[in-house]
Amino acid sequence: MSLIDDTLEQIQAVDPALLAEAQVVLDNKTKPPGSLGRLEEFARRYVAIIADSENPDLELLGTKVVYTFAADHGVVEEGISLYPKEVTQQMVLNFLNGGAGVNVLARHVGAEVRVVDIGVDYYFGMVPGLVVRKVARGTANLAQGPAMTREQAVAALEVGIELAAQAKKTGVTMLGTGEMGIGNTTPSSAIIAAISGKTVREVTHRGTGINDAALENKIRVIEQGLAVNKPDPKDPIDVLAKVGGLEIAGIAGLILGAAANRIPVVVDGFISTAGALIASELNPHVKDYMFAAHESVEIGHSFMLQHIGLKPILDLQLRLGEGTGAALAMGLIEAGVKIYKEMATFAEAGVASE
């Protein structure tokens, strides 16, 4: 059995009884039932995800890690981005130096950022802190043919699965997804169009801030890529290989691995959710383990969230990626769990509950 098949087999729906038990605990806290709104939802879901009958005293909160996957895209040669692809490698070094937006926000919430070179078209050498799991030096131009071979897509999925398994072994209790890859809103739009049947125009936006003419070109390129490659919407790996990206595949694998290992995973914005969409198409139960960090201004993002069945935590008009939204949302999820852990019950506080 392959690693992907084995992982998919391990993923089970979160037991509704565990969710109900967690809500009973919350309802006994010194507050009116439901009065902490979605914080209670976050706590209930988090506790049910990590529930382990063999270890009921499991520490609820531990290490939080955002995995930022980096890769390049051959479709950049079609002029679909405001920036050259060299920015991908430059931003990887910025992440490693702690100077990017995700680094700042991760520090704010006490999370660690781990940067993964899964497909950058650059040789970094021995750079301290960089997780080198390069599957290829970027994808091919999806407008001219498949972005990847199926074997490359599978290999990139397996990288994410393996990283999630390693995280579990080292005591990580919450994962976040992030990415860096110039041009990666183009494959993300292609993925949601292929899977949902929405028109390319309905799901394609300005990415890094392209003008009207460039947006029209981007739409044309995606339409051409879908026509040339004919991805099969019933085969998520076919969609991923033909019009996806290596970092998107890594994110999809990380989410699958998180679900298999019962780790809550906070999904960042548009590109990360493209990975989440692939993961949920491979096994619908992964939805139970995902928290949608926010709703991006990228117009295709809302369609992705609706298709998966996720409700975003934040709406801050973010469109940076990197894992910035995931880091912010981790703080709110953790706040809910601390309510569950630390808030007094009516009995403990000597407060009448009726």
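Residues numbered from 1 in each chain as written. Predicted model: local features only at pLDDT ≥ 70, side-chain atom pairs only at ≥ 80, totals over all residues. Heavy atoms only, no water.

A. The overall build of the protein chain, seen in detail. Along the backbone of the protein chain there are 15 helices and 6 strands. Relative to a compact globule of 354 residues, whose C-alpha radius of gyration would be 20 Å, the protein chain shows 20 Å and is just as compact. With the principal axes as the frame, the protein chain shows a C-alpha extent of 70 × 45 × 40 Å. Counting every position in the protein chain, which comprises 354 residues, the buried fraction comes to 56%. Taking the contacts inside the protein chain whose residues are at least 6 apart along the sequence as the reference set, 76% of them involve residues at least 24 apart. Total accessible area on the protein chain stands at roughly 14200 Å², and carbon and sulfur atoms take up 52% of it. Here the protein chain contributes 29 positively and 42 negatively charged side chains, and the mean placements of these two sets differ by 3 Å. (Helix = DSSP H or I, 4+ residues; strand = E, 2+ residues; numbered from the N terminus. Rg over C-alpha atoms; globule rule 2.2 N^0.38 Å. Buried < 20%, exposed > 50% of the residue type's maximum accessible area, 1.4 Å probe, protein only. Contact = heavy atoms within 4.5 Å. Areas by Shrake-Rupley, 256 points an atom, 1.4 Å probe, with all protein chains shown as cover. Lys, Arg positive; Asp, Glu negative; His and termini not counted. Charge placed at Lys NZ, Arg CZ, Asp CG, Glu CD.)

B. Quick look at the pairing of strand β2 (residues 111–119). Judged from the 8 bridges that link them, strand β1 (residues 63–71) and β2 form a sheet pairing that is parallel. Counterpart to Ala 70 in the pairing with β2 is Asp 117. Where β2 and strand β3 (residues 130–132) come together, 3 bridges link them in parallel fashion. Bridged to Asp 117 within β3 is Val 132. (Pairing = 2+ DSSP bridges.)

C. Broad picture of the packing of aromatic side chains. Counted under the stated rule, the structure contains 3 aromatic pairs. With 6.3 Å between their ring centres and 35° between their planes, Tyr 67 and Phe 69 make a pair best called tilted. Ring centres of Tyr 122 and Phe 124 lie 4.9 Å apart, and the angle between their planes is 75°; this geometry places the pair in the edge-to-face category. Residue class for Tyr 122 comes out partly exposed when judged on its relative accessible area of 33%. Seen from the ring of Phe 291, Arg 45 lies directly overhead, with NZ or CZ sitting 4.3 Å from the centre. (Phe/Tyr/Trp six-rings, centres within 6.5 Å; stacked < 30°, edge-to-face > 60°. Lys NZ or Arg CZ within 6 Å of the ring centre and 35° of its normal.)

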